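Residues per chain, in single letters:
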Amino acid sequence: MSAQVITVTSGKGGVGKTTVTANVGMALAMAGKKVVCIDADIGLRNLDVVLGLENRIVYDIVHVVEGRCRTRQALIRDKRVPDLYLMPAAQSRDKSAVKPEDMVRICEELRPEFDYILIDSAAGIEEGFRTALAPADLILLVTNPEVAAVRDADRVVGLVEAMGKPTPKLIVNRLKPDMVRRGDMLDTSDVLEILAIELLGVIPEDEQVIVATNRGTPVVLEERSPAGQAFRAIARRLMGEAVPLFLSEDGQGVLGWLRRLVRSGGGR
Amino acid sequence: MNWLDRLRGQPSPRETAKQRLQVILVHDRSDLSPGLLEVIKDEIIAVLSRHVPIIAEEVRVTVTQDARECRLVADIPLGNRHSRS
Ligand SMILES: Nc1ncnc2c1ncn2[C@@H]1O[C@H](COP(=O)(O)OP(=O)(O)O)[C@@H](O)[C@H]1O
Ligand SMILES: [Mg+2]
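A brief report on the enclosed structure follows. Given the structure is predicted, the values throughout are model-derived calculations rather than measurements. (Residues numbered from 1 in each chain as written. Chains lettered and ligands numbered in written order. Predicted model: local features only at pLDDT ≥ 70, side-chain atom pairs only at ≥ 80, totals over all residues. Heavy atoms only, no water.)

### Observations regarding the overall build of chain A
Within chain A, the regular secondary structure consists of eleven helices and eight strands. Computed over C-alpha atoms, the radius of gyration of chain A comes to 19 Å, within 12% of the 18 Å expected from 2.2 N^0.38 for 268 residues, which places it in the range of a compact globule. Expressed along its principal axes, the backbone C-alpha trace of chain A runs to roughly 70 × 40 × 35 Å. Across chain A, the fraction of contacts at a sequence separation of at least 24, relative to all contacts at a separation of at least 6, is 74%. When the accessible surface of chain A is split by element, carbon and sulfur atoms take 50% of a total near 11300 Å². Taking the 35 positively charged and 37 negatively charged side chains of chain A as two groups, their mean positions are separated by 3 Å. (Helix = DSSP H or I, 4+ residues; strand = E, 2+ residues; numbered from the N terminus. Rg over C-alpha atoms; globule rule 2.2 N^0.38 Å. Contact = heavy atoms within 4.5 Å. Areas by Shrake-Rupley, 256 points an atom, 1.4 Å probe, with all protein chains shown as cover. Lys, Arg positive; Asp, Glu negative; His and termini not counted. Charge placed at Lys NZ, Arg CZ, Asp CG, Glu CD.)

### What to know about the interface of chain A and chain B
Facing the 23 residues of chain A at the interface are 16 residues of chain B. Roughly 1600 Å² of surface becomes buried between chain A and chain B when both sides are summed, with 51% attributable to carbon and sulfur atoms. When the area that chain A buries against chain B is broken down by residue, the three leading residues are Val-147, Arg-151 and Ile-194 of chain A, summing to 34%. The tally of links between chain A and chain B comes to five salt bridges. (Buried area = accessible area lost by both parts, 1.4 Å probe. Salt bridge = Lys/Arg side-chain N within 4 Å of Asp/Glu carboxyl O.)

### Topic: the sheet that holds strand β3 (residues 76–77) of chain A
Residues and elements named next belong to chain A. Judged by pairing direction, the sheet is mixed, and its eight strands sit side by side in the order β3-β4-β2-β5-β1-β6-β7-β8 without closing on themselves. Two strands bound the open sheet, and with one partner strand each, they are β3 and β8 (199–204). This element, helix α8 (residues 188–195), spans β6 (138–143), β7 (169–175) and β8 of the sheet and lies at about 145° to β7. Strands in contact with helix α10 (residues 226–238) are β1 (4–9), β5 (116–120), β6, β7 and β8; relative to β8, the strand with the most contacts, it is inclined by about 170°. (Pairing = 2+ DSSP bridges. Axes fitted to C-alpha atoms, helices over the stretch in contact; angles between N-to-C directions.)

### Considering helix α9 (residues 207–215) of chain A
The N-cap residue of α9 of chain A is Asp-206 of chain A: its side-chain oxygen and the backbone nitrogen of Gln-208 of chain A are 2.9 Å apart. Positioned one or two residues after α9 of chain A, Gly-216 of chain A has a phi angle of 80°, which is positive. (Polar contact = N/O pair within 3.5 Å; in protein donor to acceptor, adjacent residues only side chain to side chain.)

### Notes on the packing of aromatic side chains
Residue and element names in this part refer to chain A. Overall, the coordinates contain one aromatic pair over all chains when judged by the stated rule. Plain terms: the ring middles of Tyr-85 and Phe-114 are 5.6 Å apart, the flat faces sit at 80° to each other, and that makes the pair edge-to-face. Taken together, the positions of Tyr-85 in strand β4 (residues 84–87) and Phe-114 in the loop between α4 (100–110) and β5 put the pair 29 residues apart, joining distant regions of the chain. Stacked on the ring of Phe-114, the Lys or Arg Lys-34 has its end atom at 5.3 Å from the ring centre. The lysine or arginine in question, Arg-72, covers the ring of Tyr-85, its NZ or CZ lying 5.7 Å from the ring centre. (Phe/Tyr/Trp six-rings, centres within 6.5 Å; stacked < 30°, edge-to-face > 60°. Lys NZ or Arg CZ within 6 Å of the ring centre and 35° of its normal.)

Printed below as a string of structure tokens:
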């Protein structure tokens, strides 16, 4: 076994990196994979709270880097699914406490024991960004369908390419289908056309995400949540399954049907 | 956006967002600001007018892109030596 290292990143902050890491990690574990999620947002740790594991932290990634514990000791096992682990970030340190080569070394050590290593990165494109990206085999770029978020995402695509890393795959988060249909929000197809990178998944805006985050039980555990379904679809795509994507909101619902009818001049 | 705006032919917020992004990213990717393009345009006009008559007010210097590749495009209409300048 040699894990695939997947780094979840973004240009703008607050677009959903931590939510994506927690839920995709858990979805992969629900599908029987051995998964470890690493919180690389040193100084602003979140992933432990979103996963609901904050009360079980003894050691964190900075302890590992400084040799104060073994890598294994800093892993917290999630009891809800068979094989999901968290390596928490340090809360009282800054980003320079973990260097790119530290992250590479930790991942090398974990690779033989896992199927997937997910790294949740900090916002911004400075030091922490390079650390989170250093060991990545695959980069997931999260954005919201908004001008500022897409603009900053484009910058990340350029930076990643300049680092000689593979082009990121896109995740569009917090899409509101009814707003797209009214012409009030960018659609996935617009974002894709502009960024010109491969799409991995679209996650709708879903109140249950916030409820789940408050509870510390990732939304992917909710059978019927729309966002939960989107996260499970992303996990299946990562495992190589061909799960269909809805590229355009235009095509769906009664309005979409009407629009197509009008466009085709009443035919069809 | 409501149906009245739509009837009036107003661009939707979605279309506006997309157009703004396209313009912003052309400049971000090429590292050419709209101001710098104006400077380049003026210099092109100055250099070329020494050699050929051009219609200065119709010169356009823009950045275009195809997927992620940018291109600087100058559109320079030539003036007729006898009728224009
Ligand atoms: N699909 C979604 N629907 C509703 N709320 C969301 C969704 N994705 C993220 N959020 C909320 O947005 C906020 C920021 O998300 P977070 O994952 O912490 O972003 P980041 O890690 O990029 O800073 C959180 O409050 C989270 O609950
Ligand atoms: Mg975060």
